[in-house]
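# Close look at the chain arrangement
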There are 2 protein chains.
Amino acid sequence: IEKNDDKALQNLLKDFHYADIAEILDEISLEEAIYVIKLLDSETTSDVLMEIDEDNREKVLKNLSAKEIAEEVEELDTDDAADIILELPEERQQEVISKIEDEEHKAEITELITYDEDTAGGLMAKELVKVYETWTVAGCLRRIRGQAKEVTRVHSIYVVDKQEKLIGRLSLKDLIVAKSDQKIADIYISNVDFVGVDDDVEDVAKVMAKYDLEAIPVVDENQILLGRITIDDIVDVLKEEAEKDYQLAAGITGDVEADDSILELTRARLPWLFLGLVGGVGAFLIMEGFQDSFKEKAILFFFTPLIAAMAGNVGVQSSAIIVQGLANDDVRGSVNGRLIKEMLLAALNGIILAIFLFLFVWFYKGELDKAIAISVSLVMVIIVAGLIGTFVPLFLNKRGVDPAIATGPFITTSNDILGILLYFWIAELIIAFFG
Amino acid sequence: IEKNDDKALQNLLKDFHYADIAEILDEISLEEAIYVIKLLDSETTSDVLMEIDEDNREKVLKNLSAKEIAEEVEELDTDDAADIILELPEERQQEVISKIEDEEHKAEITELITYDEDTAGGLMAKELVKVYETWTVAGCLRRIRGQAKEVTRVHSIYVVDKQEKLIGRLSLKDLIVAKSDQKIADIYISNVDFVGVDDDVEDVAKVMAKYDLEAIPVVDENQILLGRITIDDIVDVLKEEAEKDYQLAAGITGDVEADDSILELTRARLPWLFLGLVGGVGAFLIMEGFQDSFKEKAILFFFTPLIAAMAGNVGVQSSAIIVQGLANDDVRGSVNGRLIKEMLLAALNGIILAIFLFLFVWFYKGELDKAIAISVSLVMVIIVAGLIGTFVPLFLNKRGVDPAIATGPFITTSNDILGILLYFWIAELIIAFFG
């Protein structure tokens, strides 16, 4: 298809949804993608651009002139437009903005790119339907027709006073159901949720999810209506957040994908592996230190991988539950209560597992003292691992650090070392007692 | 507040959003919660009921009569109503349904509870705004006013033909902008996304996220319009999905929360820990088997925790990337290509790490043969761990098993054992070569 007939290709693509075209473009070569993009009309191109992978978008944009990018940007909603511009190198940003013809669009985009991308301001769009409390329903409907043409989807209609302060909302449904001579001031709902322009996007996502909102207005410190955030942007935030936490738990930093280059993937993975290496060397030094105490008891050394694995697993389990609870805001109550609960939980798990281990060692080796030493230390190691897994994320969270870092390699490694150390100490004590 | 003044409490609660009331109820005792619920008006009660924790909801429902539940259910949208009824014990379900007074609502709920909760049918609501292609804009607006009163939020208006087949959609905005004497047939958009009633909810979520939809109609095999799914339900699906994957990766099965009972948490965690125990015993047996080969080389045994940890970490990293790629549908191309890439990646990481380990062992112990043996085996172990981490989820996915199971304890444990085995084999070979 690629090489010959422009018209045929154009007709073919016309029937596709832009998200499908984006998917195709992600799979073909850069030259082919640019060739296809130049065939598309400018509205489709801009939508397609928003949907393709960030890496590919960067490459495509490099091959377009500032004028061409400005044309695409004019077709986009202000939030998407600002995102595209922020992906450009700084010197090109001003060039593209200066080529935007629509003055209002230009001013709005210039405002939006000043906000931090992790705040409500960085996520919001300027497109919204706004009415003044003094209007009538009929006048309102007339003017909404004008405003609505610019807005892809009308969610809520925001009601402002003369100073542009947000005072309430109006659902389209209420407007349709109302009589045409009623005043907006009489029918609007004054109870309106909103977020501040500097609020963190994760908090915005929580508010929207909690109250099942599909759009939320954004105001500045004086309650002046600045923009609105829609749920589809929040869906993206939630997905990214979930992926980031998942990767952190697996020991991967940065937002990488399976198709990224080997160097990018190495950069995301190597630091955590290095942490594991340091932990392993630590375990080696501990074992070497205990070498003399257990000259004739090599069997104890053979259980270190088991101890390390159990300490790591228990730590990851407890920290995962706490990290998730913190993310959902359902970890309440005292830290002590939580630690006591985790201790009981770990003790229960630990005792059940230790019974199996005790029976195995006793029957297989017939050495009661070692069987007791190994299984008692297992219980202690599991309890301590559970406590650390619970405490570390709670502590990080109090300190304002993302507790998701705690799960995964960090907890695993520290629990490995601590677990092995504890194991040898306790085993030494118990064997000395029997010996 | 709890103990004295009903009126004051009622007034206080009136100003709260139902999601906030639900949050309060989750924290107080069951008797207090039921006491508060009985004070609320029935519309608020039903909304609050939908928002509180599933465990608490179950307890509250136990304390309400079938008649009381039926009253709550009448206030709810059909999808939420069906969810509540499905949470009841089977014998109570019919009792509650029979007490619902509104015949239409009763029929709709009876239909909805027949669908599997993991399908589009289990997620959809019957509330929607539907117009026939033969209506005019004016007639349409009039009738929508009637339909819209039942629907909490109008997203899209679905256009059906005389046989109730979905043929297109109409946005409220288009309807407002259109002239009142136009026919629906002339202004509707025939290009409409929809899902089948038996489609998997995860697929529905993907379609909606991909095309940025806020609502999607659900049809049966004859294209008859049955209901619609809104994005807020999808947000819940995405969150649950992400939490499930995160927990699986941490070795926790079932949907547990930090506040669940110790027994529930044990049931979710113990099986994976047991797997770890079996793995540890396996590692013990391997080390015992190699005991004689390395009589004078205890140092090799001291590195097993390091080897096991590295094998586990690398395996989790590679499987996490593949699991996530599969979830987002961006793992394309051949399995071989992916394995080769992972091999190169693992080799690169492995060699960098092995250099550090080599230098440590050489300088610290001064034994060149052991330093070489340990670091060469580390590279091999990392490569194999990476390959297994990549292959297992791809294989499970091909077999129709959720690849998320592969990350976490399963990969860690098998890589631990395999890594240790490989390590001793290679170390034995290399030391024999030098020796």
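Cut-offs applied
Residues numbered from 1 in each chain as written. Chains lettered and ligands numbered in written order. Predicted model: local features only at pLDDT ≥ 70, side-chain atom pairs only at ≥ 80, totals over all residues. Heavy atoms only, no water. Salt bridge = Lys/Arg side-chain N within 4 Å of Asp/Glu carboxyl O. Helix = DSSP H or I, 4+ residues; strand = E, 2+ residues; numbered from the N terminus. Buried < 20%, exposed > 50% of the residue type's maximum accessible area, 1.4 Å probe, protein only. Domains from an automatic or database assignment. Contact = heavy atoms within 4.5 Å. Buried area = accessible area lost by both parts, 1.4 Å probe. Disulfide = S-S within 2.5 Å. Pairing = 2+ DSSP bridges. Axes fitted to C-alpha atoms, helices over the stretch in contact; angles between N-to-C directions. Core = buried A, V, L, I, M, F, W, Y, C linked by side-chain atoms within 4.5 Å. Left-handed = near helix turned anticlockwise from the far one by under 90°. Nonpolar A, V, L, I, M, F, W, Y, C, P; charged D, E, K, R; others polar. Polar contact = N/O pair within 3.5 Å; in protein donor to acceptor, adjacent residues only side chain to side chain.

## Looking at the pattern of salt bridges
- Tallied over the entire structure, the rule returns 18 salt bridges over all chains.
- Note that Glu101(A) and Lys67(A) form a salt bridge whose closest N and O atoms lie 3.5 Å from each other. Of this pair, Glu101(A) sits in the loop between helix H8 (90-98) and helix H9 (103-112) while Lys67(A) sits in helix H6 (residues 66-75); the two residues are 34 residues apart in sequence, bridging distant segments of the chain.
- A residue is classified by how much of its surface remains accessible, and Lys67(A), at 35% relative accessible area, is partly exposed.
- In this structure, Glu87(B) engages Arg57(B) in a salt bridge whose closest nitrogen and oxygen atoms are separated by 2.7 Å. With Glu87(B) in helix H7 (residues 78-87) and Arg57(B) in helix H5 (residues 54-62), this residue pair connects regions lying 30 residues apart in the sequence.
- Given the relative accessible area of 26%, Glu87(B) is considered partly exposed.

## Some thoughts on the domain arrangement of chain A
Residue and element names in this part refer to chain A.
- According to the domain assignment, chain A contains domain 1 (6-118), domain 2 (129-231) and domain 3 (262-434).
- Summarising the inter-unit geometry, the C-alpha centres of domain 1 and domain 2 are found 29 Å apart.
- Listed by partner, the interface residues are 5 residues for domain 1 and 7 residues for domain 2.
- Where domain 1 abuts domain 2, roughly 410 Å² becomes buried across the two surfaces, and 37% of that area is made up of carbon and sulfur atoms.
- Linking domain 1 to domain 2 there are 0 salt bridges.

## Quick notes on the state of the cysteines
- Following the criterion strictly, the structure yields 0 disulfides over all chains and no others.
- The cysteine Cys140(A) is free of any disulfide, with Cys140(B) supplying the nearest cysteine sulfur at 20 Å.

## Some details on the sheet that holds strand E2 (residues 156-160) of chain A
Residue and element names in this part refer to chain A.
- Strand order in the open sheet made by the 3 strands is E1-E2-E3, with mixed pairing throughout. The open sheet has two edge strands with one neighbour each: strand E1 (129-132) and strand E3 (166-171). In this sheet, adjacent strand axes meet at a mean angle of 35 degrees when their direction is disregarded.

## What about the nonpolar core?
- One finds Ile229(A), Ile234(A) and Ile229(B) to be the most contacted residues of the largest nonpolar core, which totals 109 residues.
- Setting aside residues no more than four positions away along its own chain, Ile229(A) makes contact with Ala120(A), Leu123(A), Met124(A), Val204(A), Met208(A), Glu214(A), Ala215(A), Ile216(A), Val218(A) and Ile234(A).
- Ala283(A), Met310(B), Ile374(B) and Ile420(B) belong to the second largest nonpolar core, which has 87 residues in total.

## Quick notes on the packing of helix H6 (residues 66-75) of chain B against helix H8 (residues 90-99) of chain B
Residue and element names in this part refer to chain B.
- Where H6 meets H8, the axes come as close as 8 Å, and the angle between the chain directions of the two elements is 65 degrees. The handedness of the crossing between H6 and H8 comes out as right-handed. Across the interface between the two elements, Ala66, Lys67, Ile69, Ala70 and Glu74 of H6 pack against Arg92, Glu95, Val96 and Lys99 of H8.
- For the contact of H6 with H8, a count of residues per class yields 4 nonpolar, no polar and 5 charged.

## Let's talk about the pairing of strand E2 (residues 156-160) of chain B
Residues and elements named next belong to chain B.
- Most of E2 sits inside the fold, with 5 of its 5 residues counted as buried.
- Where strand E1 (residues 129-132) meets E2, 4 bridges bridge the pair, whose relative direction is parallel. Along E2, the bridge assignment pairs Lys130 with Tyr158.
- Pairing between E2 and strand E3 (residues 166-171): 5 bridges, direction antiparallel. Opposite Ser156, over in E3, you have Ser171 as the bridge partner.
- In this antiparallel pair of consecutive strands, E2 and E3, the connection spans 5 residues, and Glu164 shows a positive phi of 70 degrees.

## So, the sheet that holds E1(B)
Residue and element names in this part refer to chain B.
- As summarised here, the arrangement of the 3 strands in space is E1-E2-E3, forming an open sheet in which the pairing is mixed. The outermost strands of the open sheet, each flanked by one partner alone, are E1 and E3. Taken pair by pair, the neighbouring strands of this sheet meet at an average axis angle of 35 degrees, ignoring direction.

## Considerations on the interface of chain B and chain A
- At the junction of the two partners, chain B supplies 104 residues and chain A supplies 104 residues.
- Joining chain B to chain A, the criterion identifies 4 salt bridges.
- Residues Glu342(B) and Arg269(A) are paired through a salt bridge, measuring 3.1 Å at the closest nitrogen-oxygen approach.
- Put simply, chain B and chain A have 13 residue pairs in polar contact (both at pLDDT 80 or more) between them.
- Looking at the side of chain B that touches chain A residue by residue, the classes come out as 60 nonpolar, 17 polar and 27 charged.

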